[in-house]
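# Breakdown of the fold
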Amino acid sequence: DTEVTQTPKHLVMGMTNKKSLKCEQHMGHRAMYWYKQKAKKPPELMFVYSYEKLSINESVPSRFSPECPNSSLLNLHLHALQPEDSALYLCASSQESRPQETQYFGPGTRLLVL
Amino acid sequence: AQKVTQAQTEISVVEKEDVTLDCVYETRDTTYYLFWYKQPPSGELVFLIRRNSFDEQNEISGRYSWNFQKSTSSFNFTITASQVVDSAVYFCALSEAGGETSGSRLTFGEGTQLTVNP
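Here's a quick rundown of the structure. Residue positions within a chain follow its written sequence, with the count starting from 1. In the order they appear in the text, chains get letters beginning with A and ligands get numbers beginning with 1. Given that this is a predicted model, residues contribute local features only at a pLDDT of at least 70 and side-chain atom pairs are listed and counted only at 80 or more, while totals for whole chains, interfaces and linings are drawn from all residues. Excluding hydrogens and water, the side-chain figures rest on all heavy atoms present in the structure.

## Some points on the state of the cysteines
Two cysteines joined by a covalent bond between their sulfur atoms form a disulfide. Note on terminology: pairs of cysteine sulfur atoms within 2.5 Å are recorded as disulfides. Taken as a whole and assessed by the stated rule, the structure comprises 2 disulfides over all chains. The disulfide that involves Cys23(A) links it to Cys91(A), with 1.9 Å between the sulfurs. The sign of the -70 degrees torsion about the S-S bond sets the Cys23(A)-Cys91(A) disulfide as left-handed. Here Cys91(A) lies in strand 9 (residues 87-94) and Cys23(A) lies in strand 3 (residues 18-25), a separation of 68 residues in the sequence. One exposure class covers both Cys23(A) and Cys91(A), and it is buried. In this model Cys23(B) forms its disulfide with Cys92(B); the gap between the sulfur atoms is 1.9 Å. With the S-S bond torsion at -65 degrees, the cross-link from Cys23(B) to Cys92(B) turns out left-handed. Placement of the pair is Cys23(B) in the loop between strand 3 (19-21) and strand 4 (24-26) and Cys92(B) in strand 10 (residues 88-96), with a sequence separation of 69 residues. The burial state of Cys23(B) is the same as that of Cys92(B); both residues are buried. Think of it this way: any DSSP run of H or I at least four residues long counts as a helix, any run of E at least two long counts as a strand, and we number them from the N terminus. Think of it in three bands: with a 1.4 Å probe and only protein chains considered, a residue is buried below 20% of the maximum accessible area for its type, exposed above 50%, and partly exposed in between.

As C-alpha cells, then:
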C-alpha cells in the first residue's frame, strides 16, 4: 500500500482566514514533505520532516506553518495568505529522508486564495 | 548544482504510436538517483521508476521502458503502443547523494505534457 491521503481536496479562503491542510500516511514512513505546485510547473519543495522534526525549510514565508504531530500525520497551517499562494499543495512521504528513497505523493489540495 | 532538462514541453500522438520522452540531467555527484513520475489531470504524482547511477541496466515494465545512458547523461522514457489513459504530464527528477541535507531534495524537470488522441 503506497497511499498518501490529503484533505481537503479543494479549499477556497480569503486573505484573512486561517485554515489547515492535512496529510496522512500509514506506510511507516519517517520522512514527510510539503510541495507547492503552480500550474504548468514542477513541484517546489517547501518543507521536509524527518522523524517528526523539521529538517528542511526552503525559506518559506511564515504565513505557512508546518506541523508534524506524529509519524503518520503532517499538517500545513495557513494564515494571511496572498492570492499568489493559490496552487496545488502536495504532500509526500518516503521511508527515510535519504536521496535513494522514493517519495510517494498524495492527490493534493487545490487552494484558491481570494 | 544539479539540473534536469526535459526539452519537450508538449507531445501529441495518436493512439498505438510509440513515444519517447527525453530527460537530460546535470550533476557533479558520482552517486545519484533518477526518477520518473506521471501526473494525470487529477493532480497526484504517480511514481513510475527509480534508477541508481551505478546501475545502467535498462528496464521494461509492460508498455513502459527506460533507457539510462550515463555517457550522455540521459534517462529517456518510452511508451509503446500508447493509449489515451497515458495522457498526463511526465516529470523526470534527480536526487543527489551529496551532503546530509541535500538527500531529500528532488530536482524536477519542467515536465512533458503528453496527449494521446484516439
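## What to know about the side chain of Ser74(B)
Residue and element names in this part refer to chain B. Within the secondary structure, Ser74 sits in strand 9 (residues 74-79). Look at Ser74 and you get buried, because its relative accessible area is 8%. In the analysis that follows, any N or O atom pair within 3.5 Å is treated as a polar contact, provided that within protein one partner can donate a hydrogen and the other can accept it, and provided that, for residues neighboring in sequence, both atoms belong to side chains. At 2.9 Å, the side chain of Ser74 forms a polar contact with the side chain of Thr72. Contact definition: two residues touch when any of their heavy atoms are within 4.5 Å. The contact partners of Ser74, leaving out residues within four places of it in the chain, are Cys23, Val24, Tyr25, Asn67, Phe68 and Gln69.

## Looking at the sheet that holds strand 7 (residues 64-70) of chain A
Residues and elements named next belong to chain A. Here, any two strands with at least 2 DSSP bridges between them count as paired. Here 4 strands make up an open sheet; going across it, the order is 1-3-8-7 and the pairing antiparallel. If you trace the sheet from one side to the other, it starts and ends with strand 1 (4-7) and strand 7, each paired once. Averaged over all pairs of adjacent strands, the angle between strand axes in this sheet comes to 20 degrees, irrespective of strand direction. Summarising the sheet, strand 3 and strand 8 (residues 73-79) pair through 7 bridges and their orientation is antiparallel. Bridge pairing links Lys19 to Leu78 in strand 8. To get an axis, a line is fitted to the C-alpha atoms, and for a helix only the part in contact is used. The angle between two axes follows their N-to-C directions and goes from 0 to 180 degrees.

## Thoughts on the interface of chain A and chain B
Residue-level contacts link 24 residues of chain A with 23 residues of chain B. When two components associate, each loses some accessible surface as probed by a 1.4 Å sphere; the sum of these losses over both components is called the buried area. Carbon and sulfur atoms make up 52% of the surface buried where chain A meets chain B, a total of about 1,800 Å² over both sides. Criterion for a salt bridge: a side-chain nitrogen of Lys or Arg within 4 Å of a carboxyl oxygen of Asp or Glu. Along the contact surface separating chain A from chain B lie 2 salt bridges. Remark: the boundary between chain A and chain B carries 7 residue pairs in polar contact (both at pLDDT 80 or more). Secondary structure elements with two or more residues in the side of chain A that touches chain B: strand 4 (31-37), strand 5 (44-50), strand 9 and strand 10 (104-105) of chain A. When residues of the side of chain A that touches chain B are assigned to their parent elements, the largest contribution, 3 residues, is made by strand 4 of chain A. Among the residues forming the side of chain A that touches chain B, the class breakdown is 13 nonpolar, 6 polar and 5 charged. Each residue is assigned to one of three groups, with Ala, Val, Leu, Ile, Met, Phe, Trp, Tyr, Cys and Pro labelled nonpolar, Asp, Glu, Lys and Arg labelled charged, and all others, Gly among them, labelled polar.

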